[in-house]
Amino acid sequence: MKSSGVGTAHRAATTIRTLFTDITLQFCDGYRPAAGQTPTQFLLGFTLDNLVGMYLAQNYDIPNLAKKVEEIKEDLDTEKQPPSS
């Protein structure tokens, strides 16, 4: 069954609302933003960064860096092993 666009948008909005609430609670728990940055500026920047990240992940082929690092490690390990005779 295909999910509707409204359901997906609702889940995304709920996730963003939950993140916003969690971050706001951090401020009440003694979190201090960077010097000269108000909590509102931090929340707006955090939200914008997440929205841009979601857009890029959905619309572009972003490589999975964790997998790339594992591949490089495997390649290096195979190069270090002496050939068996």
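Scroll up a little and you will see the structure.
Predicted, not measured: the structure shown is a model, and the values here were computed from it. Throughout, a residue's number is its position along its own chain's written sequence, starting from 1. Only residues with pLDDT of 70 or above have their local features reported here, since the model is predicted, and side-chain atom pairs are shown and tallied only from 80 upward, although totals for entire chains, interfaces and linings are computed over all residues. Note that the side-chain values use all heavy atoms of the structure and ignore hydrogens as well as water.

Turning our attention to a nonpolar patch on the surface. Residues Leu48, Val52, Tyr55, Leu56, Tyr60 and Ile62 make up a contiguous nonpolar surface patch of roughly 600 Å² in combined accessible area. As for its position among the elements, Tyr60 is in the loop between α2 (39-59) and α3 (65-80). Residue burial is assigned from relative accessible area. The probe radius is 1.4 Å, only protein chains are included, and a residue is buried under 20% of its type maximum, exposed over 50%, and partly exposed in between. On the accessibility criterion, Tyr60 (49% relative accessible area) is partly exposed. Patch criteria: residues need more than 30% relative accessible area and no salt bridge. Like-charged residues are merged within 9 Å; nonpolar side chains of Val, Leu, Ile, Met, Phe, Trp and Tyr are merged within 5 Å. Only the protein chains shown count as cover for residues, and the accessible areas themselves come from Shrake-Rupley with a 1.4 Å probe. Between Lys or Arg on one side and Asp or Glu on the other, a salt bridge is scored when a side-chain nitrogen of the former is within 4 Å of a carboxyl oxygen of the latter. Runs of H or I in DSSP of at least four residues are treated as helices and runs of E of at least two as strands, each being numbered from the N terminus.

A word on the side chain of Thr47. Examined against the element boundaries, Thr47 turns out to sit in helix α2. When its relative accessible area of 17% is taken as the criterion, Thr47 is described as buried.

We now examine a negative patch on the surface. A cluster of acidic residues, Glu70, Glu71, Glu74, Asp75, Asp77 and Glu79, forms a negative patch at the surface. Considering the arrangement of structural elements, one finds Glu70 in helix α3. By relative accessible area, which is 43% here, Glu70 ends up partly exposed. When charges are tallied, Lys and Arg are placed among the positive residues and Asp and Glu among the negative ones, while His and the ends of the chain are skipped. By convention, charge coordinates are those of NZ in Lys, CZ in Arg, CG in Asp, or CD in Glu.

To continue, consider the packing of aromatic side chains. Any Phe, Tyr or Trp ring, taking Trp's six-membered ring, that has another such ring centre within 6.5 Å forms a pair; planes under 30 degrees apart are called stacked, those over 60 apart edge-to-face, and the others tilted. All told, the structure shown has two aromatic pairs when counted by the stated rule. Relative to Phe46, the ring of Phe42 lies with its centre 6.1 Å away and its plane at 25 degrees, an arrangement referred to as stacked. Here Phe42 and its partner Phe46 are both found in helix α2, four residues apart, which amounts to about one turn of the helix. The exposure class assigned to Phe46 is partly exposed, which follows from its relative accessible area of 30%. Arranged with centres 6.3 Å apart and planes meeting at 70 degrees, the rings of Tyr55 and Tyr60 form a pair that is edge-to-face. Overall, the relative accessible area of 46% leaves Tyr55 in the partly exposed class.

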